[in-house]
Amino acid sequence: MPELSSLSVVSPVRRALPGAPFLAAARGERPARVPVWFMRQAGRSLPEYRALREGVPMLDACFDPEMLAEITLQPVRRHGVDAAVLFSDIVVPLRAAGVDVDIVPGTGPVMGRPVRDVAAVRALPVLEPEQVAKVAEGVGLLVERLGETPLIGFAGAPFTLASYLIEGGPSRNHEHTKALMHSEPKLWHELAARLADVAATFLHAQLAAGADAIQLFDSWAGALSERDYREFVLPHSARVLEEVAGYGVPRIHFGVGTGELLVAMRDAGADVVGVDWRVPLDEAVRRLGGEAVVQGNLDPALLHASWPVLEAEVRRIVEEGRMARGHIFNLGHGVLPNVDPDVLTRVVQLVHSL
Ligand SMILES: Cc1c2[nH]c(c1CCC(=O)O)Cc1[nH]c(c(CCC(=O)O)c1C)Cc1[nH]c(c(CCC(=O)O)c1C)Cc1[nH]c(c(C)c1CCC(=O)O)C2
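Everything quoted here is computed from the prediction, not taken from an experiment.

K.L.:
Just give me the short version of the UniProt feature "binding site: substrate" (unreviewed entry) in the protein chain, but keep the residues and values in it.
P.N.:
Those residues carrying the UniProt feature "binding site: substrate" (unreviewed entry) are Arg40, Gln41, Ala42, Gly43, Arg44, Asp89, Tyr164, Ser219 and His333 in this numbering. With a sequence span of 294 residues, these residues are also far apart in the fold, their greatest C-alpha distance being 22.5 Å. Note on placement: arginine 40 falls in the loop between helix H1 (21-26) and helix H2 (47-53). In contact with arginine 40, other than residues within four places in its own chain, are Gly334 and Val335. Inspection of the secondary structure puts glutamine 41 in the loop between H1 and H2. Within the structure, glutamine 41 has its side chain in polar contact with the backbone nitrogen of phenylalanine 38 (distance 3.0 Å).

Here you go:
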């Protein structure tokens, strides 16, 4: 196992991007306009994505530098968003390490077999940096092609990754995960620590190749109580965020249903806290003590509402975001596959006009 400390911070010739509103807002400055990007902006909402992916399995696309670069660029060209997010997936580093996982369209990650005992945990392979070299190569292509648009790299956080491994696939209640967490805490912490290593190694690869920011997705953390989050999850997510602090780039930490966890997720080491649609941004800022940089938080479902309804929501969110030290406009979760992409473009134009 490569000692994570051996993955020393390799500061590449990172693009300066002095005028990038996304980076300015992430640093808590007030750029001339509110920056906007969308989680899952690349994907099935775009006809050009569907055309390019025709007949190409998802995970094959994630290890093809030219393809992952092109898919990442598609929403930037189409919508004029203020940041690109690497087209990848949270299970990419697991697949790269040799874990038997696939992505089933319309379902998500499915494991060959669940990980529920000490033998399975200890059989998990270590991720070697060279196993994600193709992803790093894609990042390199993007850094050349993105011009002034920052690139956000990402990884899945230990809890969300652990849930897929332990449950064997997507789960509504994470019952096996929570049962193991509480019944076998030593085994839980061993698994979570291994997954923190995987996430950190994956982020190192993206940052060393030139990514300008990162987002740690703990999408399913909202299933936890604050007590359980702080005891079983925070230390491992904190280690991931600490591991990449040396690059000096903004670190965004996001989960769904995390209204009760916002302070804890910030305490894990986030520079920017992602907020889902359930907590108004001004209330999130209050809970975070008033001096926070926040990202969000339009309800993705409202992209299907009439324009007057959607326009009013966007205006409300931008207004609430003015209470924060910095605000990056986003959805409160990812773009849904059957959204009209022209609506996303119109939202970008509206946010930029406010
Ligand atoms: C929980 C999670 C996963 N993967 C990810 C998360 C955290 C983000 C979130 O919470 O939405 C990370 C992820 N995965 C993907 C993105 C988009 C990146 C980008 O916009 O460039 C992101 C940010 C590509 C993808 N990852 C996946 C798709 C759909 C696969 C396809 O296009 O056929 C995409 C575009 C597959 C996937 N992968 C996962 C799920 C639940 C699914 C099913 C999604 C669905 O089918 O609606 C696991």
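Continuing now.
K.L.:
Help me get a handle on the packing of aromatic side chains, residues and values and all.
P.N.:
Using the criterion set out here, one finds 4 aromatic pairs in the structure. Between phenylalanine 154 and phenylalanine 217, the aromatic rings sit 5.3 Å apart at their centres with planes inclined by 80 degrees, giving edge-to-face as the arrangement. Here phenylalanine 217 lies in strand E5 (residues 213-217) and phenylalanine 154 lies in strand E4 (residues 151-156), a separation of 63 residues in the sequence. The residues phenylalanine 154 and phenylalanine 217 share a single accessibility class, namely buried. Here phenylalanine 217 falls in the buried class, since its relative accessible area comes to 11%. Put simply, the rings of Phe154, Phe217 and Phe254 pair up and form one aromatic cluster. Cation over ring: arginine 346 sits above tryptophan 307, and NZ or CZ is 4.1 Å from the ring centre.

K.L.:
Before we move on, could you go through the sheet that holds E5 and cite the residues and values that matter?
P.N.:
If you walk across this open sheet you meet the 7 strands as E1-E4-E5-E6-E7-E8-E9, and the pairing is parallel. The outermost strands of the open sheet, each flanked by one partner alone, are strand E1 (84-85) and strand E9 (326-331). Sheet strands in contact with helix H10 (residues 185-208) are E4 and E5, and its direction is about 165 degrees off that of E4.

K.L.:
How would you explain the side chain of glutamine 206 if you had to name every residue and give the values?
P.N.:
Along the polypeptide, glutamine 206 turns up in helix H10. Its relative accessible area of 1% is what places glutamine 206 among the buried residues. In this view, glutamine 206 contacts Leu86, Val139, Gly153, Phe154 and Ala211; residues no more than four positions away in its chain are not counted.

K.L.:
Outline the confidence of the model for the protein chain, supporting the account with residue identities and numerical values.
P.N.:
Of the residues in the protein chain, 97% reach a pLDDT of 70 or more, and the chain-wide mean stands at 96. The ipTM value of the predicted complex is 0.92, and its pTM value is 0.96.

K.L.:
I'd like a description of unusual backbone geometry, backed by residues and values.
P.N.:
For the bond running from glycine 296 to asparagine 297, omega is 0 degrees, close enough to zero to count as cis. Looking at where asparagine 297 falls in the secondary structure, it is placed in strand E8 (residues 293-298). A positive phi angle is found at histidine 174, which is not glycine, with a value near 50 degrees. Counting through the fold element by element, histidine 174 comes out in the loop between helix H8 (158-167) and helix H9 (175-183). You can call histidine 174 buried: its relative accessible area is 4%.

K.L.:
Help me get a handle on the pairing of E9, residues and values and all.
P.N.:
Residues in a regular strand project their side chains so that they alternate between the two faces of the sheet. Here E9 lies mainly inside the structure; 6 of its 6 residues are buried. Taking every second residue as pointing to the same face, both faces of E9 are buried, with Gly326, Ile328 and Asn330 on one and His327, Phe329 and Leu331 on the other. Sheet topology places E8 next to E9; 6 bridges connect them, and they run parallel. Each bridged residue has a counterpart across the sheet, and for leucine 298 the counterpart in E9 is leucine 331. Of the crossover connections in this fold, the one passing from E8 over helix H14 (residues 307-321) to the parallel E9 is right-handed.

Thresholds, definitions, all that
Sequence order as written defines the numbering, with residues in each chain counted from 1. With pLDDT at 70 or above as the cut-off, local features in this predicted model cover only qualifying residues; side-chain atom pairs require 80 or more to be listed or tallied, and sums for whole chains, interfaces and linings still use all residues. Side-chain numbers here rest on the full set of heavy atoms in the structure, without hydrogens or water. UniProt positions are given in the numbering used here, feature names are shortened, and annotations may be inferred rather than shown by experiment. Strands are runs of DSSP state E lasting at least 2 residues, helices are runs of H or I lasting at least 4, and numbering of each runs from the N terminus. Here, two residues are considered to be in contact whenever any of their heavy atoms come within 4.5 Å of each other. Here a polar contact means two N or O atoms within 3.5 Å. Within protein one must be a hydrogen donor candidate and the other an acceptor candidate, and residues neighboring in sequence count only if both atoms are side-chain atoms. The pairing test for Phe, Tyr and Trp rings, Trp by its six-membered ring, is centres within 6.5 Å, and the orientation test on the planes gives stacked under 30 degrees, edge-to-face over 60, and tilted for anything in between. Remark: exposure states derive from per-residue accessible area (1.4 Å probe, protein chains only) relative to the maximum for the residue type, with buried under 20%, exposed over 50%, and partly exposed in between. Placement of a positive charge over a ring is assigned whenever Lys NZ or Arg CZ falls within 6 Å of the ring centre and within 35 degrees of the normal to the ring plane. When DSSP finds two or more bridges between a pair of strands, those strands are recorded as paired. A fitted line through C-alpha atoms represents every axis, and for helices the fit uses only the stretch in contact; the resulting angles, taken between N-to-C directions, go from 0 to 180 degrees. Summary of the metric used: pLDDT quantifies the predictor's per-residue confidence within the range 0 to 100. Handedness rule for crossovers: strands pointing away from the viewer, path from the first strand over the helix to the second running clockwise, crossover right-handed.

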